[in-house]
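The primary structure of each chain is shown beneath.
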Amino acid sequence: QQQVKQSPQSLIVQKGGISIINCAYENTAFDYFPWYQQFPGKGPALLIAIRPDVSEKKEGRFTISFNKSAKQFSLHIMDSQPGDSATYFCAASMDQAGTALIFGKGTTLSVSS
Amino acid sequence: EAEVAQSPRYKITEKSQAVAFWCDPISGHATLYWYRQILGQGPELLVQFQDESVVDDSQLPKDRFSAERLKGVDSTLKIQPAELGDSAMYLCASSPWGGQSVNEQFFGPGTRLTVL
C-alpha cells in the first residue's frame, strides 16, 4: 500500500519558470512532511519541511503549500534554474524521533536553459 | 559540516556471494536507518536502530539480510547470499534524538550494489 503518492513522475520547465510537484498522503497520523533533493549518484538531501500547524513555508525560492483537509502538499520552485535539475522526493512521517520516512516515488525535474 | 559516511560507494558482486556495507552516522546521532532505493523509486526502510538496539526490522528480508550496530555508533548491513533483485542503492541515514526537528534525517551518499 503506497501511503504517499507523488506527481508528476517527470517535469520539464524553462529557466525562470515555476516548478510544481504534488504529493498526497493517506495516514492522518502523519505530521511531518519533508522534501528531499537528490542528484545522480548522491544521497537525498533535505530541502525543506513543513508541519501541519502552518499552511505554507517558504525558504528562498522553495515553498511548501500544505492542505490538511485534502491531505495534500506541494513543492513550488520559483525562478527555476538549471542547477535545480534533480529528482525530488516528498516524504511523510509522524513528527517524533525515530520514525521512518515514507517516501513518494520521486519527480525528475529538468530545467532547460 | 558533519556528514554520514558510507563505504564502499560501489559494489559489483555475483549472485550467491556475500556483501557488506558500512555506515558511520553523524556524531551524536542516536538513530540510524538503512533504506533501500531501487532505481526510479523512493527509498524504503529496511532497518532502524536506536543506539545499539533494533527498533524496526519488519521490512528486512531476514533470511538473507542482517544488520548490526554493536556499539551504538557505526553500523554494518550484510547480504548473504546476494540475489539479482538486490541490485539497488543502499542508503544510510541518521537523526538526532529529541530537539526541535526531531525527525530530521540526514542521508549518506549511498552504496550502489550491482548483482550479476
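Heads up: these notes are all about the structure in this document. (Residues numbered from 1 in each chain as written. Chains lettered and ligands numbered in written order. Predicted model: local features only at pLDDT ≥ 70, side-chain atom pairs only at ≥ 80, totals over all residues. Heavy atoms only, no water.)

Thoughts on the state of the cysteines
Residue and element names in this part refer to chain B. The criterion, for reference: To count as a disulfide, a pair of cysteine sulfur atoms needs to be within 2.5 Å. Note on conventions: DSSP H or I runs of at least 4 residues are helices, E runs of at least 2 residues are strands, and numbering of each starts at the N terminus. When accessible area is computed with a 1.4 Å probe and restricted to protein chains, residues below 20% of their type maximum are described as buried, those above 50% as exposed, and intermediate ones as partly exposed.
Enumeration over the complete set of coordinates arrives at 2 disulfides over all chains. A disulfide bridge connects C23 with C92, and the sulfur atoms are separated by 1.9 Å. Torsion about the S-S bond of the C23 and C92 cystine: about -65°, corresponding to left-handed handedness. Of this pair, C23 sits in strand β3 (residues 19–24) while C92 is found in strand β9 (residues 88–95), placing the two residues 69 residues apart along the sequence. C92 matches C23 in its accessibility class, with the two residues each being buried.

Section: the sheet that holds strand β7 (residues 62–67) of chain A
Residues and elements named next belong to chain A. Threshold: Following DSSP output, two strands are said to pair if at least two bridges run between them. Fitting a line to C-alpha atoms yields each axis, with helices limited to the stretch in contact; the angle taken between N-to-C directions then spans 0 to 180 degrees.
Taking strand neighbours across the sheet as the criterion, the 5 strands line up as β1-β3-β8-β7-β6 in an open arrangement whose pairing is antiparallel. Each having just a single partner strand, β1 (4–7) and β6 (56–59) make up the two edges of the open sheet. Strand-to-strand twist of the sheet, defined as the mean angle between neighbouring strand axes without regard to direction, takes the value 15°. Summarising the sheet, strand β3 (residues 19–25) and strand β8 (residues 72–77) pair through 6 bridges and their orientation is antiparallel. For S19, the partnering residue across the bridge sits in β8 and is I77.

A short note on unusual backbone geometry
With an omega of -5°, the peptide bond running from A:S7 to A:P8 counts as cis. Residues B:S7 and B:P8 are joined by a peptide bond in cis, for which omega reads -5°. Structurally, the position occupied by B:P8 is in the loop between β1 (5–7) and β2 (10–13). For A:D79, which is not a glycine, the phi torsion comes out positive at approximately 45°. Summarising the element assignment, A:D79 is placed in the loop between β8 and β9 (86–92). Its identity is not glycine, yet B:D51 carries a phi of approximately 55°, on the positive side. By the secondary structure assignment, B:D51 is in the loop between β5 (44–50) and β6 (53–56). According to the relative accessible area criterion, B:D51 is partly exposed, its value standing at 35%.

Here we look at the interface of chain B and chain A
Selection criterion: Only heavy atoms matter for contacts: two residues are in contact if any of them lie within 4.5 Å across the pair. Defined here as a combined quantity, buried area equals the accessible surface (1.4 Å probe) lost by two parts on assembly, summed across both. Any Lys or Arg side-chain nitrogen located within 4 Å of an Asp or Glu carboxyl oxygen qualifies as a salt bridge.
Facing the 25 residues of chain B at the interface are 22 residues of chain A. Both faces considered, chain B and chain A share a buried interface measuring about 1700 Å² in area, 53% of it formed by carbon and sulfur atoms. Scanning the region where chain B abuts chain A turns up 0 salt bridges. For the side of chain B that touches chain A, the secondary-structure elements that each account for two or more residues are β4 (31–37), β5 and β9 of chain B.

Quick notes on the layout of surface pockets
Formally: Using a 1 Å grid laid over the protein atoms alone, points where a 1.4 Å probe fits but cannot get out form a cavity; open sets with protein on both sides within 12 Å along at least 5 of 7 lines form a pocket; any residue with an atom within 4 Å of a point counts as lining. Grid points are joined across faces, edges and corners, and a volume is the space filled by probe spheres set on the points. When residues are grouped by polarity, Ala, Val, Leu, Ile, Met, Phe, Trp, Tyr, Cys and Pro land in nonpolar, Asp, Glu, Lys and Arg in charged, and all others, Gly among them, in polar.
For the largest pocket, the calculated volume is near 610 Å³. In this structure, the largest pocket is lined by 24 residues; those nearest its centre are A:Q3, A:L101, A:I102, B:E44 and B:L45. If you list the elements that add at least two residues to the lining of the largest pocket, you get β10 (102–103) of chain A together with β5 of chain B. Of all the elements, β5(B) adds the most residues to the lining of the largest pocket, at 3 residues. Here the lining of the largest pocket is composed, by residue class, of 10 nonpolar, 10 polar and 4 charged. What the second largest pocket holds in volume is close to 410 Å³. If you go around the second largest pocket, you meet 23 residues; those closest to its centre are A:T87, A:F89, B:Q37, B:G40 and B:Q41. For the lining of the second largest pocket, the secondary structure elements donating two or more residues are β1, β9 and β11 (107–112) of chain A. Looking at the lining of the second largest pocket, its residues break down into 6 nonpolar, 13 polar and 4 charged.

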